[in-house]
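Structural characterization, general
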Amino acid sequence: MLDQRPVSFSGVQPSGNLTIGNYLGAIKNFPEFSEKYKCFYCVVDQHAITVRQVPAELRRRTYETLALYIACGLDPQKNTLYVQSHVPAHTELAWMLNCFTMFGELSRMTQFKDKSARHADNVNAGLFTYPVLMAADILLYQTDVVPIGSDQKQHVELARNIVDRFNQLYPDTFTMPEPIVPKAGARIMSLAEPTKKMSKSDENENAVVRILDDKDAIIRKFKRAVTDSGSEIRVADDKPGVTNLITIYSCFTGKSVEEIEREFDGVGYGDFKIAVGQACAERLAPVQEEYRRLLADKAYLESVMKNGADEAAYYARKTLSKVRRKLGFVNL
Ligand code: TRP
């Protein structure tokens, strides 16, 4: 029986270094999300090789990413959790979509421009056609919504252009995907520069708190967090540092901003920062414990990958055989 819920597709880079920004902005809402949508979570190991990888590390991070998502509350029984390279339909469709994507369009992608500047010695064709593989990921599952960070919006726009172009020539082939960017409420900012989003690739380790940071590191980072002039603990436009800490504390404790402002009335920044660090460490502890337990159980993780890939392949095959037929390939 096919699922009637709208489809959500997320591509996840294989890196175990997710931040509390990822956690509070997206991952924490997974259970709620999977009530509403049929969700696919795909660890995109094929996207990862557009820049050089150390093979053993890529493999390790693939397991780690899967373990971390499950530890954060993603239920493999209720979601399709799998690894991109286990479902060859992704690259198969990507080839076909390559022939419906224009050189000029790909040249305008800002991520390509950034990455080719950063990896000037390795501007390979995969880096250039990265967004086409991403479009294939999305379109293969007749995806309705794509939860993404704002940096990936341009890529989803490209996927939409491909759908337009393809469906014009071959009507009713692909569903038009909508990007959804998490609401501003859960936007967690850098601890060092609170007007910038917390980014997992920030070079300043003090600016980011990672889901897998230990308690000491978490408290130390919050103690060093940049605050603002004045001494009051309240949300204000001219207090981005304190506002960010209040948001984080609120997300971890479930308390409202008003409650927090009352709780810390007359308390100094120093004590407040320690309280935020403690709340964060406390909430992450069970996630970290579950993560370590899962990571020690490779057989279980592999069974999740296997089941996920089987299920994904089932959906992918339907789309692929339709596309093959439309394009004029002989289906045997
Ligand atoms: N490019 C995305 C990123 O860097 C990862 C990704 C790959 C993705 N395929 C996707 C995201 C499909 C959403 C949908 O974060």
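Presented here is an overview of the structure given in this document. This one's a predicted model, so the numbers in the text were calculated from it and none came from an experiment.

Focus: helix α10 (residues 215–223)
- By the burial criterion, the buried members of α10 are A217, I218, I219, K221 and F222.
- Where α10 is buried, its residues meet α1 (20–25), α11 (240–253) and α13 (269–295).

Details of helix α5 (residues 89–98)
- For α5, the full list of buried residues reads A89, H90, L93, A94, M96 and L97. Down the axis of α5, the smallest arc covering the buried residues is 165°, so these residues share one side.
- In this structure, the buried side of α5 is in contact with β1 (7–12), β2 (38–43), β3 (80–83), α8 (125–139), α9 (153–169) and α14 (298–327).

What to know about the pairing of β2
- Counting buried positions over the 6 residues of β2 gives 6, a clear majority of the element.
- The two faces of β2 match: K38, F40 and C42 on one face and C39, Y41 and V43 on the other face are all buried.
- As defined by bridge partners, β2 adjoins β3 across 4 bridges and the pair is classed as parallel. The partner of F40 across the bridge, within β3, is T80.

Things to note about the packing of aromatic side chains
- One pass over the structure, following the stated rule, counts 18 aromatic pairs.
- For the ring pair F30 and Y41, a centre distance of 4.6 Å and an interplane angle of 55° mean the geometry is tilted. Linking F30 in helix α2 (residues 30–36) with Y41 in strand β2, this pair joins segments that are 11 residues apart in sequence. The two residues F30 and Y41 agree in class, both being buried.
- Seen in terms of ring centroids, F103 and F128 are 5.1 Å apart; in terms of plane orientation they differ by 45°. Their pairing is tilted. Remark: F128 occurs in helix α8 and F103 occurs in helix α6 (residues 103–107); sequence separation between them is 25 residues.
- Assessed through its relative accessible area of 63%, F103 is described here as exposed.
- The ring of F40 is capped by K38, whose NZ or CZ atom sits 5.1 Å from the centre of that ring.
- One cation-aromatic arrangement involves K298 over Y63; the distance from NZ or CZ to the ring centre is 4.9 Å.

Description of the packing of α5 against α14
- α14 packs onto α5 with a crossing angle of 25° between their chain directions and a minimal axis gap of 10 Å. Between α5 and α14, the angle falls in the class roughly parallel. Relative to α14, the crossing made by α5 is left-handed. Across the interface between the two elements, A89, E92, L93 and M96 from α5 touch A316, L320, V323, R324 and L327 from α14.
- Considered class by class, the residues forming the contact of α5 with α14 number 7 nonpolar, no polar and 2 charged.

What to know about the pattern of salt bridges
- Tallying each qualifying case throughout the model produces 15 salt bridges.
- K255 is paired through a salt bridge with E263; the nearest N and O atoms lie 3.0 Å apart.
- Judged by its relative accessible area of 36%, E263 falls in the partly exposed class.
- Here K306 and D310 are joined by a salt bridge, their closest N and O atoms 3.0 Å apart. Of this pair, K306 and D310 both sit in helix α14, 4 residues apart, which is roughly one turn of the helix.
- One continuous salt-bridge network, built from bridges that share partners, spans E205, R210, D213 and K221.

What counts, and at which threshold
Here the residue numbers are simple positions, counted from 1 along each chain's written sequence. Per-residue local features are limited, in this predicted model, to residues with pLDDT of at least 70; the limit for side-chain atom pairs, both in listing and counting, is 80 or more; totals at the level of whole chains, interfaces and linings are taken over all residues. Note that water and hydrogens are dropped before the side-chain values are worked out from all heavy atoms of the structure. Buried, partly exposed and exposed residues are distinguished by accessible area as a fraction of the type maximum, computed with a 1.4 Å probe on protein chains only: under 20%, between the cut-offs, and over 50%, respectively. Helix numbers and strand numbers start at the N terminus; a helix is a DSSP run of H or I with at least 4 residues, a strand a run of E with at least 2. Pairs of residues are marked as contacts when any of their non-hydrogen atoms sit within 4.5 Å. Picture the helix axis, draw a direction to every C-beta atom, and the arc is the one those directions span. At least two DSSP bridges between two strands are required for those strands to pair. Here the aromatic set is Phe, Tyr and Trp, taking the six-membered ring for Trp, and pairing holds for ring centres within 6.5 Å; pairs whose planes are under 30 degrees apart are stacked, those over 60 apart are edge-to-face, and all others are tilted. For a ring to carry a charge above it, either NZ of a lysine or CZ of an arginine must fall within 6 Å of the ring centroid while also lying within 35 degrees of the normal to the ring plane. Only the stretch in contact is used when fitting a helix axis, every axis being a line fitted to C-alpha atoms; angles between N-to-C directions are given from 0 to 180 degrees. The labels follow the angle: roughly parallel below 35 degrees, roughly antiparallel above 145, roughly perpendicular from 65 to 115, and oblique for the rest. Helix crossings get a hand from a simple test, with the near helix turned counterclockwise from the far one by less than a right angle marking a left-handed crossing and a clockwise turn marking a right-handed one. When residue character is reported, Ala, Val, Leu, Ile, Met, Phe, Trp, Tyr, Cys and Pro are called nonpolar, Asp, Glu, Lys and Arg charged, and the others, Gly included, polar. Here, a salt bridge means any Lys or Arg side-chain nitrogen found within 4 Å of an Asp or Glu carboxyl oxygen.

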